[in-house]
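Chain and residue survey
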Amino acid sequence: MTAPAIERTASAVASAAPTESAIGIQDLTVRYGSVTALEGLTLEVARGETVALLGPSGSGKSTALKAVAGFLRPASGRITLAGRDVTYEPPNKRGIGVVVQNYALFPHMRVADNVAFGLRARRVSRAEVGRRVTEALDMVGMAGYARRYPRELSGGQQQRVAIARALAIRPPVLLLDEPLSALDATLRADLLGELQRLRGELPDVAIMYVTHDQTEALALADRIAVMRDARLVDLDATDRLYRRPPSEFTASFLGAANLLDARVLADCTAADDAVRVAVGGLTVAADPTGAFAEGARALLVARPHTLAVTEVDRADTLPARLVATQWRGADYRLTCVLEGDGEREIRIDVTDLAAVPALGERLGVALPAEPCVLVPAGAGG
Ligand SMILES: Nc1ncnc2c1ncn2[C@@H]1O[C@H](COP(=O)(O)OP(=O)(O)OP(=O)(O)O)[C@@H](O)[C@H]1O
């Protein structure tokens, strides 16, 4: 993909590690029988911060969220909310707002009663319930729907009601588990915009947002925790993780990335050291994410929109052959095969086809002027 399609809202916590922890997860392990669904997760979410748990299906994201919500009991580890240990507290004692993928509204209750449910369970006075229901429905743009039943609403509207229900108790912590994934693309984009707006209206709420959709994570999260095979693999501020992914897995999972085989030409002892690498027949500067030994195999990360097409056989470009062109509305995605070892497939995004040869023809691929990020090879992808 190109740069995130949806601009992130200004957020209370831009990139720093949390100072005041609203959610604390320490060394949390969860098992379903013999399946370890989550292994040794340690993560904090600050007041006012949004952390996205991003990862492929089955990586343990929902399990982490369910453990924080109190829906399942961990095998080991600790969960705190504002410093209070809640590891073995039942869900209704935790004061958390939870929104899941498929709305989970009570079908026999009108919208207002669905939203009031948590408040009544907490024995909030009638007048206050009325005020809070109106406030919560207002927040999600559903004020006019209080008397409808869930079946009389679209999927997007039902999900708004589910969000209102979670917000009605004014929780300090909001857990969202794939809240947009049951919706079609247009509704998903609409509701993503709504969630960005809501984030601005809830400056103190800590949000944990489970998704496998990088667009949602990039748009909403201050920090992203990348999950894989029951483990947290990378955690950083959203923009830094996108710009300088520390691993092959995160580079390819968070935004489209070309991974070009590179050989390190001289020892580099720390991240931020300048290092030169050989890529194809070229020698280029790279931006390493850690230490690399001379001669090590590594991968250069190049986003498709940072590569350019040039005439073939220019000395500073990689020779390739065009194998496919896909129009994507705003740009064209070219698929090319690099000549030489491995014949690696790479993607290049261009806005016009003037300089692009016909399918099957050769072309030159120019790397960006800025050094590309260098990650260790072989850590999976
Ligand atoms: N109730 C269950 N019983 C047994 N195994 C389960 C159960 N729920 C989840 N698992 C397993 O635990 C692992 C983690 O599942 P989890 O739902 O947390 O993943 P996820 O990253 O949220 O995936 P998805 O994006 O598909 O929801 C998977 O291997 C899954 O098959």
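Throughout this document, residue positions are counted from 1 along each chain, in the order its sequence is written. Two thresholds apply to this predicted model, a pLDDT of at least 70 for residue-level local features and 80 or more for giving and counting side-chain atom pairs, whereas whole-chain, interface and lining totals are computed over all residues.

1. Quick word on the domain arrangement of the chain
What marks off one domain from the next here is an automatic or database domain assignment. In terms of domain boundaries, the chain breaks down into domain 1 (21–249) and domain 2 (259–376). For domain 1 versus domain 2, the distance between C-alpha centres works out to 38 Å. Contact with domain 1, which involves 5 residues of that partner, is made by 6 residues of domain 2. Residues of the side of domain 1 that touches domain 2, tallied by class, amount to 2 nonpolar, 1 polar and 2 charged. Contact criterion: two residues are in contact if their C-beta atoms, reconstructed from the backbone, are within 7 Å. Gly falls in the polar group here, along with every residue not listed as nonpolar (Ala, Val, Leu, Ile, Met, Phe, Trp, Tyr, Cys, Pro) or charged (Asp, Glu, Lys, Arg).

2. Quick word on the site of the ligand
The environment of the ligand is formed by Tyr 32, Val 35, Ala 37, Gly 55, Ser 57, Gly 58, Ser 59, Gly 60, Lys 61, Ser 62, Thr 63 and His 212. Going through the elements one at a time, strand E2 (35–46) and helix H1 (61–69) are the ones with two or more residues in the shell around the ligand. Going along the chain from the N terminus, every DSSP run of H or I of four or more residues is numbered as a helix, and every run of E of two or more is numbered as a strand. Examining the composition of the shell around the ligand, we find that 3 residues originate from one element, H1, more than from any other. Defining nearness, a residue is near a molecule or strand when the C-beta atom obtained from its backbone falls within 6 Å of it.

3. With respect to the confidence of the model for the chain
Residues shown with low pLDDT carry predicted positions that ought not to be read at fine detail. Each residue carries a pLDDT score, the predictor's own confidence in it, on a scale running from 0 to 100. Averaged over every residue, the pLDDT of the chain is 89; the share at 70 or more is 93%. Ranking the helices and strands of the chain by mean pLDDT puts strand E3 (residues 50–54) first, with 98, and helix H5 (residues 185–201) last, with 89. Contacts of residues 1–18 to residues separated by more than four positions or lying in other chains number 34 contacts, the stretch itself having pLDDT below 50. Here the predicted complex scores 0.87 on pTM and 0.95 on ipTM.

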